[in-house]
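# Topology and contacts: notes
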Amino acid sequence: MPAVDKLLLEEALQDSPQTRSLLSVFEEDAGTLTDYTNQLLQAMQRVYGAQNEMCLATQQLSKQLLAYEKQNFALGKGDEEVISTLHYFSKVVDELNVLHTELAKQLADTMVLPIIQFREKDLTEVSTLKDLFGLASSEHDLSMAKYSRLPKKKENEKVKAEIMKEVAAARRKQHLSSLQYYCALNALQYRKRVAMMEPMLGFAHGQINFFKKGAEMFSQSMDGFLSSVADMVQSIQVELEVEAEKMRASQQELLSLDEAVYTPDFDVAAPQINRNLIQKAGYLNLRNKTGLVSTTWERLYFFTQGGNLMCQPRGAVAGGLIQDLDNCSVMAVDCEDRRYCFQITTPNGKAGIILQAESRKENEEWICAINNISRQIYLTDNPEAVAIKLNQTALQAVTPITSFAKKQESPCPSQNVKGSEMENDKIVPKATVVIPEAEQLIAPGTPIQFDIVLPATEFLDQNRGGRRTNPFGETEDATFPEAEDSLLQQMFIVRFLGSMAVKTDNTTEVIYEAMRQVLAARAIHNIFRMTESHLMVTSQTLRLIDPQTQVTRANICYAINLGKEIIEVQKDPEALAQLMLSMPLTNDGKYILLNDQPDDNDGSPSENRGAESEA
């Protein structure tokens, strides 16, 4: 150990300037040591605080590892291995917490406590002796000043003796304090070296004991466990890298698509429409009424599930039922000057919801999908094949015509009725719910008429100034004689969607199927205009009246009865010829179908009930 500098105690009594200069050097060293000791103590207290925090942190970590099992993860499937691993780690952390607690106690006793004792004992002692030495030096200087002022001529022995006695006491006191101060400064040179090394010795021993006990506790049992965990983590990392590479490739592929993918309605001229859908999902705008005349539109996510139309707002966990689609009808409508709107109508004819698609393709696919679902195709064994077959039948049948004259261009559907019925009798339904096939109800290729028949009785009234019918259901006596005795008389505004020939009228399914065929044909050919008429309902008849001219377009009851008669007489060609000869002709060669049923009053036929037919 190198020698240390010392203050000579023999020079303490003389108190020479050289001694004072050397003393100032020792005092400066003691001040520097005091500042450094305070900083070193703060650093050691921080280490001790961190160790205490480590104890609390490891305790909290162990609890959190156990709490993983109690978390209700939405995607927690396959976490059993992770849970068992974390349980084992929790036990390891608990054991480590015991070691950390013991280490914290050792640091407090062997590192922090010695440096505190050095500061409070040795450094404080030096500071106190310095103050005492200063006071003694001041008293000595005062006594020497008194002694120096003693008079030479008038010398008082008594005063001189007292002052000399005071000087001696002050000098003794200064000598004693200086000796103690010098000794403390000399001892401080040794103590500071001990004080610097002793705390670090305790710190090192504490850490070594900690690691030794940790190695003894975990070296044997942890090696295999840690290696297995490392292998598992590495395998997961490899899977992550592979998946990340796939996602990067997919991202580049998706971003390299044409800009038209992001543009709504980019293929409005010739969209590729899938008309065989039995499921559909996507965003639509839903029309909501907020008042008598005010409405709002809300963009929501819609999807079909079985025979239901579901809606799921953003943020919702599941969707809710919006509309039951079984036996519903759907068609495009004009609504609030918005494009691509369509309306779903319930089986009882009540107007349902109005939705808006973002493109023509989406609009028509939604209409086709809802139309297919309304037929309950989804209940069959192979709904896709049934949908394709029905849509092919609809495409063959949707030849738009504007009058009965064009119907002669297509073959009569009644010729194949018996044959198709015999074939249908051999069909054994496979589905649980028995649903008649479209061919059992409507012959393939049947033309569809989108406008109502031409006014049949208008020519009868044009030369006699046909008198107009009151639109509120009131008729004049000369116009409708049966109105006098009618118990029921009501007017309804109706619109004509279309008509087509059917094979059978023994089931209500034929009505639904005909409606579906007509609506599908309108959607395919974008025919949205409908002929408006007034339906006059009385206790004796049903009449379709032109709203502009108030001329009777058709007598529905008579037309139905006549149709039945024609079907019956088709079996006998001679009877059919007699029936046709008994019907009068118009100027353009068409038959006038007169209601030959006797009136309740006079038994004469009512001419204004006639309906025009084709020759």
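Higher on the page you've got the structure.
The structure contained in this document is the topic of the report that follows. These figures come from a predicted structure and were not determined experimentally.

Bringing the pairing of strand β1 (residues 281-289) into the picture now. In summary, the side chains of a regular strand alternate between the two faces of the sheet. In the sheet, β1 pairs with strand β2 (residues 295-305) via 9 bridges, with the strands oriented antiparallel. Each bridged residue has a counterpart across the sheet, and for Leu286 the counterpart in β2 is Glu298. Turn length for the β1-β2 hairpin, with the two strands adjacent in sequence and antiparallel, is 5 residues. Sheet topology places β1 next to strand β7 (residues 351-356); 2 bridges connect them, and they run antiparallel. For Leu286, the partnering residue across the bridge sits in β7 and is Leu355.

With that settled, consider the nonpolar core. Among soluble globular proteins, nonpolar side chains are generally buried collectively. Within the largest apolar cluster, 33 residues are counted, with the highest numbers of intra-cluster contacts made by Leu23, Phe118, Val126, Tyr181, Leu185, Leu188 and Met196. For this core, the elements supplying multiple residues, two or more each, are α1 (17-67), α2 (80-148) and α3 (157-255). Leave out the neighbours within four places in its chain, and Leu185 touches Leu7, Leu23, Phe26, Ala30 and Val126. If you look at the next biggest cluster of nonpolar residues, it comprises 21 residues, including Leu286, Tyr340, Phe342 and Ile344.

Right, let's talk about the pairing of strand β3 (residues 308-312) for a bit. By the bridge criterion, 5 bridges tie β2 to β3 in an arrangement that is antiparallel. Within β3, the position partnered with Phe303 by the bridge is Met310. Two successive antiparallel strands, β2 and β3, enclose a turn made up of 2 residues, where Gly306 displays a positive phi of approximately 65 degrees. In this structure, β3 lies alongside strand β4 (residues 320-324), joined through 4 bridges in antiparallel fashion. Of the residues in β4, the one forming a bridge with Met310 is Leu321.

What follows covers a nonpolar patch on the surface. A cluster of nonpolar side chains, Leu254, Leu255, Leu257, Val261 and Tyr262, forms an exposed patch at the surface whose accessible area comes to about 530 Å². As for its position among the elements, Leu257 is in the loop between α3 and β1. On the basis of relative accessibility, which here comes to 43%, the residue Leu257 falls in the partly exposed class.

Rules used throughout
- Residues numbered from 1 in each chain as written.
- Predicted model: local features only at pLDDT ≥ 70, side-chain atom pairs only at ≥ 80, totals over all residues.
- Heavy atoms only, no water.
- Pairing = 2+ DSSP bridges.
- Helix = DSSP H or I, 4+ residues; strand = E, 2+ residues; numbered from the N terminus.
- Core = buried A, V, L, I, M, F, W, Y, C linked by side-chain atoms within 4.5 Å.
- Buried < 20%, exposed > 50% of the residue type's maximum accessible area, 1.4 Å probe, protein only.
- Contact = heavy atoms within 4.5 Å.
- Patch = residues over 30% accessible without salt bridge, like charges linked within 9 Å, V, L, I, M, F, W, Y side chains within 5 Å.
- Areas by Shrake-Rupley, 256 points an atom, 1.4 Å probe, with all protein chains shown as cover.
- Salt bridge = Lys/Arg side-chain N within 4 Å of Asp/Glu carboxyl O.

It is worth stressing that arrangement in space is one thing and function is another; only the former is reported here.
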